[in-house]
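This is what each chain is made of:
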Amino acid sequence: MNLNLFNAVPDGLTQRARSFVQAHGVKVDVRHVEDHRQWWLEREIPAAVIDRMAAYEERWGGLVLPPASQYDGGPRYLEADSPEGSESEGWWFEAGMQRTAVPYGFMIGPSGEFGIHAGQWAPLHATVEGWVESLALTHHASMWAKQIRKVTGDDVDGIALEGFEPVREVMGLADTWWRGADSLIAVYTGEAEALSFPRGRTALIYSGLDEWGLRGGVKDSTIWGRQR
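Residues numbered from 1 in each chain as written. Predicted model: local features only at pLDDT ≥ 70, side-chain atom pairs only at ≥ 80, totals over all residues. Heavy atoms only, no water.

**Student:** How would you explain the side chain of aspartate 175 if you had to name every residue and give the values?
**Tutor:** With respect to the element layout, aspartate 175 can be found in strand E10 (residues 175-179). Notably, aspartate 175 is buried but unbridged: the nearest opposite-charge side chain belongs to arginine 201, and the N-O separation is 11 Å. Of the polar contacts made by the side chain of aspartate 175, one reaches the backbone nitrogen of threonine 189; its length is 3.0 Å. Those residues in contact with aspartate 175 that lie beyond four places of it in its chain are Tyr71, Leu124, His125, Val187, Tyr188, Thr189 and Gly190. (Helix = DSSP H or I, 4+ residues; strand = E, 2+ residues; numbered from the N terminus. Buried < 20%, exposed > 50% of the residue type's maximum accessible area, 1.4 Å probe, protein only. Lys, Arg positive; Asp, Glu negative; His and termini not counted. Salt bridge = Lys/Arg side-chain N within 4 Å of Asp/Glu carboxyl O. Polar contact = N/O pair within 3.5 Å; in protein donor to acceptor, adjacent residues only side chain to side chain. Contact = heavy atoms within 4.5 Å.)

**Student:** Which residues make up the packing of helix H1 (residues 15-24) against helix H4 (residues 128-144), and what values do they have?
**Tutor:** Remark: H1 packs on H4, axes separated minimally by 9 Å, with the N-to-C direction vectors making an angle of 80°. Relative to H4, H1 is oriented roughly perpendicular. Residues Arg16, Ala17, Phe20, Val21 and His24 of H1 touch H4, and the partners they reach there are Val132, Glu133, Leu135, Ala136, Leu137, His139 and His140. For the contact of H1 with H4, the class distribution of residues is seven nonpolar, three polar and two charged. (Axes fitted to C-alpha atoms, helices over the stretch in contact; angles between N-to-C directions. Parallel < 35°, antiparallel > 145°, perpendicular 65-115°, else oblique. Nonpolar A, V, L, I, M, F, W, Y, C, P; charged D, E, K, R; others polar.)

**Student:** Describe in detail the environment of alanine 118, supporting the description with residues and values.
**Tutor:** Here alanine 118 is to be found in the loop between strand E6 (114-117) and strand E7 (121-125). For the pair alanine 118 and alanine 194, spaced 76 residues apart in sequence, the C-alpha separation works out to 5.8 Å. Not counting residues within four places of it along the chain, the set of residues in contact with alanine 118 comprises Pro103, Tyr104, Ala194 and Leu195.

Everything listed is a geometric property; what it means functionally is a separate question.
In structure tokens, the structure reads:
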């Protein structure tokens, strides 16, 4: 176990997310993908898929972060396992075990997306970095907001996003973040999409934020492309 990640944070994150991982993350030992390569090859898992899993493990394997505000906390820790898919549809693999008995798994998609799979695929963020950025932003916004309001189901449609801009670093797909003049809005639709359950949509509105609360020192000009 590594309790000090000060010099062991993956690159490609904003300084806000790096500080979050350094302060609140630890790394635990996980099983090595290479130990199971032959077993998967014998079951017709393509070598390229196993290579992707090995790269994920090298970059993220064993990382433990504080619970997410949604999805019953997200993965307990990040670990590649259980590849599934086909040549025509693409290949997914497990991103990490659930913390609780949720009716879906956390998966890495064919193009490196981070999402949930429950028979139906719902990519939450375009990259794993986007997921980590969303956790860091949740922590930051919760610390600095004067008020936090939760909106669910059809009421999410009533949130006016005029004048808001997308928060680029979370690389949102089913889940998105929006920045306004003095508030941040996180919209979560992953469970609704994966479970065909529209009432499962949730939004959290963090209001009363100053410039630091809105950005945490992250400027759009400092956001670069993410590695998958």
